[in-house]
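Structural features, examined
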Amino acid sequence: MTTHEPTLEEHAPPEAAATYREPFGALAAYIKRASTGDRAALARLKPEALQPHQLAALARALSAAGLAPEQWHADTWPRWALIAHGMALAGHDGKQRLGRQLATAGVSESRVTKLLTSRGDAFTQLLPRVLRLLASKGVAPNWRELGELVLKEGSALRSSQADAEEIRLQIAGPYFSSLARAESKS
């Protein structure tokens, strides 16, 4: 029996065809203008153990972003919960590559390496810590890259696993290049 994992396109309702191309931006925009209560619920939620008031805030955010969570499998909810939680913690800036943002924030090489090599629960636990660090440095991450990694990470599908590895390399390249440039200048 094969496992079907919905793609971003399948998350979107038909009337939101343009929105699914940029669900991360739409979700970030909603969270930015959401009520204080919803933002707080999203910032405090634990993706692996959603509470009813957090689930309500998450469902409102996902629906406002043009996603169709009522059709998702049980394993899709925690992934989007982690994305919404991360956006509530650190915001979203799609103008720079995530690797460069990590370097700009001064995230240590060991922490970035740990994030990029962690899988499963270790990844899910480490990501909010890195996001809090980015937020403390005033750097919002690029959720177009990071969100795709969260959605692909831990998938049973071989193609999604390969995509996750490609995304990790796309994050690592700009990060280590930025470090090397900074090192050569000093």
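Data block above holds the structure.
Residues numbered from 1 in each chain as written. Predicted model: local features only at pLDDT ≥ 70, side-chain atom pairs only at ≥ 80, totals over all residues. Heavy atoms only, no water.

For helix α8 (residues 120–136), built from 17 residues, the straight-helix expectation of 24 Å at 1.5 Å per residue is met to within 8% by its first-to-last C-alpha distance of 25 Å. Within α8 the residues assigned to the buried category are Phe-123, Leu-126, Leu-127, Pro-128, Val-130, Leu-131 and Leu-134. Looking at the packing, one finds that the buried side of α8 touches α5 (76–90), α6 (98–104), α7 (109–117) and α9 (143–152). Note on α8: the residue one or two positions beyond its end, Gly-138, has a positive phi of about 75 degrees. (Helix = DSSP H or I, 4+ residues; strand = E, 2+ residues; numbered from the N terminus. Expected span 1.5 Å × (residues − 1). Buried < 20%, exposed > 50% of the residue type's maximum accessible area, 1.4 Å probe, protein only. Contact = heavy atoms within 4.5 Å.)

Right, let's get into a positive patch on the surface. A surface patch of like charges, here positive, comprises Lys-46, Arg-111, Lys-114, Arg-129 and Arg-132. Where the positive patch is concerned, the elements lending two or more residues are α7 and α8. Looking at the secondary structure, you find Arg-129 in helix α8. Residue classification places Arg-129 among the partly exposed residues on the basis of a relative accessible area of 48%. (Patch = residues over 30% accessible without salt bridge, like charges linked within 9 Å, V, L, I, M, F, W, Y side chains within 5 Å. Areas by Shrake-Rupley, 256 points an atom, 1.4 Å probe, with all protein chains shown as cover. Salt bridge = Lys/Arg side-chain N within 4 Å of Asp/Glu carboxyl O. Lys, Arg positive; Asp, Glu negative; His and termini not counted. Charge placed at Lys NZ, Arg CZ, Asp CG, Glu CD.)

Formed by 49 residues in total, the largest nonpolar core has its most connected members in Leu-27, Trp-80, Ile-83 and Leu-102. Residues in contact with Leu-102, not counting those within four places in the same chain, are Val-107, Val-112, Val-130, Leu-134, Ile-171 and Tyr-175. (Core = buried A, V, L, I, M, F, W, Y, C linked by side-chain atoms within 4.5 Å.)

Under the definition given, this model contains eight salt bridges. Where Glu-22 meets Arg-144, a salt bridge forms, and the shortest distance between an N and an O atom there is 2.8 Å. Taken as a pair, Glu-22 in the loop between α1 (8–11) and α2 (23–33) and Arg-144 in helix α9 lie far apart in primary sequence, 122 residues in all. By relative accessible area, Glu-22 is classed as partly exposed at 24%. Assessed through its relative accessible area of 37%, Arg-144 is described here as partly exposed. When the shortest N-O distance is used, the salt bridge between Glu-165 and Arg-119 registers 2.8 Å. Residue Glu-165 is found in helix α10 (residues 158–185), and its partner Arg-119 is found in the loop between α7 and α8; the two are separated by 46 residues along the sequence. Through salt bridges with shared partners, one network takes in Arg-119, Glu-153, Glu-165 and Arg-168.

What follows is about α2. Among the residues making up α2, those that are buried are Pro-23, Phe-24, Leu-27, Ala-28, Tyr-30 and Ile-31. All buried residues of α2 project into a common sector of 160 degrees when viewed along the axis, lining one side. Projecting away from the buried face of α2 at angles above 90 degrees are the exposed residues Lys-32 and Arg-33. (Arc of directions from axis to C-beta.)

Their axes nearest at 9 Å, the elements α5 and α9 cross at an angle of 150 degrees. Comparing the axis directions of α5 and α9 gives the class roughly antiparallel. The handedness of the crossing between α5 and α9 is right-handed. Contacts from Arg-79, Trp-80, Leu-82, Ile-83, Gly-86 and Met-87 of α5 reach α9 at Trp-143, Gly-147, Val-150 and Leu-151. Classifying every residue of the contact of α5 with α9 gives seven nonpolar, two polar and one charged. (Axes fitted to C-alpha atoms, helices over the stretch in contact; angles between N-to-C directions. Parallel < 35°, antiparallel > 145°, perpendicular 65-115°, else oblique. Left-handed = near helix turned anticlockwise from the far one by under 90°. Nonpolar A, V, L, I, M, F, W, Y, C, P; charged D, E, K, R; others polar.)

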